[in-house]
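Listed below, chain by chain, are the residues.
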Amino acid sequence: MLQDNLLTILILLPTVGALALIGHGLFWKRENDYRWIALLFSVITFALSLLLLTRVGENSDAAFRFEQKTLWIGAIGSYYHLGVDGMSLWLVILTTLLVPVSILSSWNSIKKRALSFYVFMLILESAMIGVFVSLDLLIFYLFFEASLVPMFFMIGIWGGERRIYAATKFFIYTAVGSLLMLVGIIALYYIHQQQAGAGTFDYLTLLDALKSGRVVITESSAFWIFLAFAFAFCIKVPLWPLHTWLPDAHTEAPTAGSVILAGVLLKMGTYGLLRFNLGLMPEMARRFAPYFVVLAIIGIIYGALVAMVQPDVKRLVAYSSVSHMGFVVLGIFSFTEQGMQGALYQMLNHGVSTGALFLLVGMIYDRRHTRQISDFGGLATPMPWFSTFFVIASLSSIGLPFLNGFVGEFLILLGTWLSTGFSYNWVATMIAATGVIWAAVYMLWMLQRVVFGRIRHGENARLSDLNAREVGLLIPLLILMLVMGVYPRPFLSRSRESVVAVQQRVTKSTGAAGSFSVEVQENKQR
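Model, not experiment: these values are computed from the prediction.

Details of the overall build of the chain
Then, number 1: Secondary structure assignment for the chain yields 21 helices and 2 strands.
Then, number 2: Taken against the 2.2 N^0.38 rule, which gives 24 Å for 526 residues, the C-alpha radius of gyration of the chain at 22 Å falls within 12% of a compact globule.
Then, number 3: A burial count over the chain gives 62% of its 526 residues as buried.
Then, number 4: Summed over its atoms, the accessible surface of the chain is roughly 19,500 Å², and 66% of this surface lies on carbon and sulfur atoms.

Overview of unusual backbone geometry
Then, number 1: Put simply, Val 237 and Pro 238 share a cis peptide bond, and its omega is -10°.
Then, number 2: Along the chain, Pro 238 turns up in the loop between helix H9 (219-236) and helix H10 (245-252).
Then, number 3: With an omega of 10°, the peptide bond between Trp 240 and Pro 241 qualifies as cis.
Then, number 4: Phi angles above zero are rare outside glycine, and Phe 335 is one such case at about 60°.
Then, number 5: For Phe 335, the location among the structural elements is in the loop between helix H13 (313-332) and helix H14 (337-368).
Then, number 6: Since its relative accessible area comes to 0%, Phe 335 is described here as buried.
Then, number 7: The phi torsion at Phe 402 lies on the positive side, around 80°, for a residue other than glycine.

Focus on the environment of Ala 461
Then, number 1: Mapping Ala 461 onto the fold places it in helix H18 (residues 458-461).
Then, number 2: Judged by relative accessible area, Ala 461 falls into the partly exposed class, the value being 45%.
Then, number 3: Taking the C-alpha atoms as reference points, Ala 461 and Val 322, 139 residues apart in sequence, are found 34 Å from one another.
Then, number 4: Among all residues touching Ala 461, those that are not within four sequence positions of it are Pro 382 and Ile 455.

Quick word on the pairing of strand E2 (residues 78-84)
Then, number 1: Counting buried residues in E2 gives 5 out of 7 residues, a clear majority hidden from the surface.
Then, number 2: As paired elements, strand E1 (residues 65-73) and E2 share 6 bridges and run antiparallel to each other. Residue Gln 68 lies in a different strand from E2, and its bridge partner there is Leu 82.
Then, number 3: Two successive antiparallel strands, E1 and E2, enclose a turn made up of 4 residues, where Gly 77 displays a positive phi of approximately 70°.

Describing the nonpolar core
When a protein is soluble and globular, its nonpolar side chains tend to lie buried together.
Then, number 1: Core analysis: the biggest nonpolar cluster contains 189 residues, and Leu 278, Phe 292, Phe 333 and Phe 390 have the highest contact counts within it.
Then, number 2: In this view, Phe 390 contacts Val 313, Leu 357, Leu 360, Met 446, Leu 447, Val 450 and Val 451; residues no more than four positions away in its chain are not counted.

Some thoughts on the packing of helix H12 (residues 282-308) against helix H17 (residues 425-450)
Then, number 1: As a packed pair, H12 and H17 sit with axes 9 Å apart at the nearest point and diverge in direction by 20°. Judged by the inter-axis angle, H12 sits roughly parallel to H17. Between H12 and H17 the crossing geometry is left-handed. Along its contact with H12, which presents Val 293, Ile 297, Ile 300, Ile 301, Ala 304, Leu 305, Ala 307 and Met 308, the element H17 presents Ala 428, Ile 431, Ala 432, Thr 434, Gly 435, Trp 438, Val 441, Tyr 442, Trp 445 and Arg 449.
Then, number 2: Here the contact of H12 with H17 is composed, by residue class, of 15 nonpolar, 2 polar and 1 charged.

Section: the layout of surface pockets
Then, number 1: Its boundaries defined by the atoms lining it, the largest pocket holds a volume of some 560 Å³.
Then, number 2: In terms of lining residues, the largest pocket is bounded by 26 residues, among which Trp 158, Gly 159, Gly 160, Tyr 365 and Arg 371 are the most central.
Then, number 3: Those elements that place two or more of their residues in the lining of the largest pocket are helix H6 (148-158), H10, helix H11 (255-280) and H14.
Then, number 4: At 5 residues, H14 tops the list of elements feeding residues into the lining of the largest pocket.
Then, number 5: Here the lining of the largest pocket is built from residues that sort into 8 nonpolar, 9 polar and 9 charged.

Considerations on the pattern of salt bridges
For side chains bearing opposite charge, pairing can occur when the charged atoms are close.
Then, number 1: Taken as a whole and assessed by the stated rule, the structure comprises 13 salt bridges.
Then, number 2: Between Arg 214 and Asp 208 there is a salt bridge whose closest N-O contact spans 2.8 Å.
Then, number 3: Overall, the relative accessible area of 44% leaves Arg 214 in the partly exposed class.
Then, number 4: Across the pair Arg 367 and Glu 470 runs a salt bridge whose closest N-O atoms are separated by 2.7 Å. Here Glu 470 lies in helix H19 (residues 468-486) and Arg 367 lies in helix H14, a separation of 103 residues in the sequence. Neither Arg 367 nor Glu 470 differs from the other in exposure class; each is buried.
Then, number 5: Here the residues in one salt-bridge network are Arg 162, Lys 169, Asp 248 and Arg 315, joined through shared partners.

Topic: the environment of Gln 338
Then, number 1: For Gln 338, the position within the fold is in helix H14.
Then, number 2: For Gln 338 and Thr 416, which are 78 residues apart along the polypeptide, the C-alpha to C-alpha distance reads 8.4 Å.

Considerations on a nonpolar patch on the surface
Then, number 1: Among the surface-exposed residues, Phe 402, Ile 475, Ile 479, Leu 482, Val 483, Val 486 and Tyr 487 lie close enough to one another that they form a single nonpolar patch of about 660 Å² accessible area.
Then, number 2: Under the relative-accessibility criterion, Ile 475 is labelled partly exposed at 33%.

Points about helix H1 (residues 6-27)
Then, number 1: Along its 22 residues, H1 runs 31 Å from first to last C-alpha, staying within 8% of the 32 Å computed at 1.5 Å per residue.
Then, number 2: The largest bend along H1 reaches roughly 30° and is located at Leu 12, with the proline Pro 14 sitting one to four residues downstream.

Remarks on the side chain of Thr 370
Then, number 1: Structurally, Thr 370 is set in the loop between H14 and helix H15 (384-398).
Then, number 2: In this structure the side chain of Thr 370 is engaged in a polar contact, spanning 3.3 Å, whose partner is the backbone nitrogen of Gln 372.
Then, number 3: Apart from the residues within four sequence positions on either side, Thr 370 is in contact with Tyr 365, Asp 375 and Phe 376.

A short note on the confidence of the model for the chain
Then, number 1: In the predicted model, the chain carries a mean pLDDT of 88, and 95% of its residues have values of at least 70.
Then, number 2: Contacts for the low-pLDDT stretch residues 510-526, under 50 throughout, to residues beyond four places or in other chains number 21 contacts.

Things to note about the packing of H13 against H14
Then, number 1: The N-to-C vectors of H13 and H14 enclose an angle of 170°; their axes lie 8 Å apart at closest approach. Comparing the axis directions of H13 and H14 gives the class roughly antiparallel. From H13, Val 313, Lys 314, Val 317, Ala 318, Ser 321, His 324, Met 325, Val 328, Gly 331 and Ile 332 reach across to H14, where they touch Gly 339, Met 340, Ala 343, Gln 346, Met 347, His 350, Thr 354, Leu 357, Phe 358 and Val 361.
Then, number 2: Residues belonging to the contact of H13 with H14 are distributed by class as follows: 12 nonpolar, 7 polar and 1 charged.

Describing the packing of aromatic side chains
Then, number 1: One pass over the full model with this rule turns up 30 aromatic pairs.
Then, number 2: Here the aromatic rings of Phe 117 and Tyr 118 are separated by 5.3 Å at their centres, their planes lie at 85°, and the arrangement is edge-to-face.
Then, number 3: Judged by its relative accessible area of 2%, Tyr 118 is buried.
Then, number 4: With 5.3 Å between their ring centres and 85° between their planes, Phe 132 and Tyr 271 make a pair best called edge-to-face. Of this pair, Phe 132 sits in helix H4 (residues 114-133) while Tyr 271 sits in helix H11, and the two are 139 residues apart along the sequence.
Then, number 5: Judged by its relative accessible area of 1%, Phe 132 falls in the buried class.
Then, number 6: Taken together, the aromatic side chains of Phe 223, Trp 224, Phe 226, Phe 288, Tyr 291, Phe 292, Phe 333 and Phe 335 make up a single cluster linked through ring pairs.
Then, number 7: Sitting over the face of the ring of Phe 144, Lys 236 holds its NZ or CZ atom 4.9 Å from the ring centroid.
Then, number 8: Taking NZ or CZ as reference, Arg 449 lies 3.7 Å from the ring centre of Trp 445, over its face.

So, how was this worked out
- Residue indices begin from 1 for each chain and proceed along its sequence in written order.
- Reporting of local features is limited, given that this is a predicted model, to residues whose pLDDT is at least 70; pairs of side-chain atoms are given and counted only at 80 or more, and all residues count toward the totals for whole chains, interfaces and linings.
- Side-chain descriptors were evaluated using all non-hydrogen atoms of the structure, hydrogens and water having been removed beforehand.
- A run of H or I in DSSP becomes a helix once it reaches four residues, and a run of E becomes a strand once it reaches two; helices and strands are each numbered from the N terminus.
- Radius of gyration here is computed from C-alpha atoms only, and the compact-globule reference equals 2.2 Å multiplied by the residue count raised to the power 0.38.
- Burial classification: accessible surface area is computed with a 1.4 Å probe over protein chains only, and a residue below 20% of its type maximum counts as buried, one above 50% as exposed, and the rest as partly exposed.
- Computed with a 1.4 Å probe, the accessible areas rest on the Shrake-Rupley method; for each residue, only the protein chains presented here act as cover.
- Here, two residues are considered to be in contact whenever any of their heavy atoms come within 4.5 Å of each other.
- Strand pairing is defined by DSSP finding a minimum of two bridges between the two strands.
- What makes a nonpolar core is a set of buried Ala, Val, Leu, Ile, Met, Phe, Trp, Tyr and Cys residues whose side-chain atoms join them at distances within 4.5 Å.
- The angle between two axes is taken between their N-to-C directions and runs from 0 to 180 degrees, where each axis is a line fitted to C-alpha atoms and a helix contributes only its stretch in contact.
- An angle below 35 degrees is treated as roughly parallel, one above 145 as roughly antiparallel, one from 65 to 115 as roughly perpendicular, and anything else as oblique.
- For a crossing to be left-handed, the near helix must be turned anticlockwise from the far one by less than a right angle; the clockwise case is right-handed.
- Residue polarity is assigned by list, with Asp, Glu, Lys and Arg as charged and Ala, Val, Leu, Ile, Met, Phe, Trp, Tyr, Cys and Pro as nonpolar; anything else, Gly included, falls into the polar class.
- Cavities and pockets were defined on a 1 Å grid built from protein atoms only: a cavity is a group of points that admits a 1.4 Å probe but offers it no way out, a pocket is an open group of points flanked by protein on both sides within 12 Å along at least five of seven lines, and a lining residue is one with an atom within 4 Å of any such point.
- Grid points are joined across faces, edges and corners, and a volume is the space filled by probe spheres set on the points.
- Whenever Lys or Arg places a side-chain nitrogen within 4 Å of a carboxyl oxygen from Asp or Glu, that contact is recorded as a salt bridge.
- Patches here: salt-bridge-free residues with over 30% relative accessible area, like charges joined within 9 Å, nonpolar side chains (Val, Leu, Ile, Met, Phe, Trp, Tyr) joined within 5 Å.
- An expected span of 1.5 Å times one less than the residue number is assigned to each helix.
- The angle between axes fitted to the seven residues ending at a residue and the seven residues starting there is what we call the bend at that residue.
- In protein, a polar contact means a hydrogen-donor-capable atom and an acceptor-capable atom, both N or O and within 3.5 Å, with residues adjacent in sequence counting only if both atoms are side-chain atoms; elsewhere, any N or O pair within 3.5 Å suffices.
- Scored between 0 and 100, pLDDT is the confidence that the predictor attaches to each residue.
- Each aromatic pair joins two rings of Phe, Tyr and Trp (for Trp, the six-membered one) with centres within 6.5 Å, and gets the label stacked for planes under 30 degrees apart, edge-to-face for over 60, and tilted for any other angle.
- Either the NZ atom of lysine or the CZ atom of arginine qualifies as a charge over a ring when it sits within 6 Å of the ring centre and within 35 degrees of the ring normal.

Rendered as structure tokens:
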């Protein structure tokens, strides 16, 4: 019974926790209890999400597991349809891991309206899980939109000085993109109704109809539907030049908001590109691949160069996200198994590494009440534990071998080099690879000015090191950085078949460009 309804339980449990918080606030009003209740429900949700591993094992096929399908709105053929496969598995677990970590990071920093903060955090968790397990386009859209509202309030109420500006900009950008996606969803429904006799929002039904040829999308329709989905997801990623909302949102958001924004919300964009743009419209994906590759490479270099000159350490980490997510988009549109696997792996890496960096920036801000790099220096002396963790997280973000970032970036660059989906793939690979060098420059220079050297300000000498709570919430992320860097097989083997299914969908729909297999490469060598 539990496993048959596991996905519904994962979606509803945080919402039940939010309702429990509201009830507690109405009757008991003990503010110190709010964080404990939120933490309890988030930890239980994480523990239950690990049960997903029982059916999505190593080398599992691409079929969806824990599938639930119930008619929701019969008049329009919409189903409450959920399922998880190798692509969504790790994103769900990443979500359920980062939420309790984020709650712990807010333990002492959220003092005003604590009840509302933790309610929004739990509602946001429900929406994020719903995005990754929805197999009905209408349900997907509703969860996709629902994730905007809690984050808007988290930035707007608990953010920095420019929080209203940042929250409004975030909402306008992402809401406009979502509305474009809704137009594309309605278009797909109408096309299926015209050709199959009945409209549907069901992803698997649409996919099967397109694969079998029962439904054919004309080139012009596919062009506009692809763009409608792509704009929504590229804003979410965000892909250059649609990235301008991100640095403001990250800088002004509270620590927990930045962790969730970087760790999970950005991944909705790249997940959507993989699942819907490549899955439903492979011909258009091949057609637009060169443009996405160019934009991804620009984002990699631009994000790194702008990060390099940031005086604010949190804004530096925010711009590094633009660069890292450029690598993810590059891997997706390489149309190779290595590149697409690397892209999915890099989504997880970025959530872990950048999430840890935002946590560490939040910890030093709570003590020093500044994020200006010039206000720090020599923190290794008064804060050795903080400095050690900060260096490890930074090296992970750079892509140091034996840490998680290296595996994802290496697979992406390898896949791009092997790609035949666009011309001058070797040039694209070499230019993109400079992003790793620039990452080392801006991260190591930042470390030199923040952690090392002499203490330039007397306030820094009196700073207290990390406490047990802060060390405890960082340790799981640091362990993941090492494990994912040394032994990526358990992660990659569970996602492989699902990724290959999408890759073959793109490369075999015309039986040509973009495909890569061992046999093809061997034939080339002969």
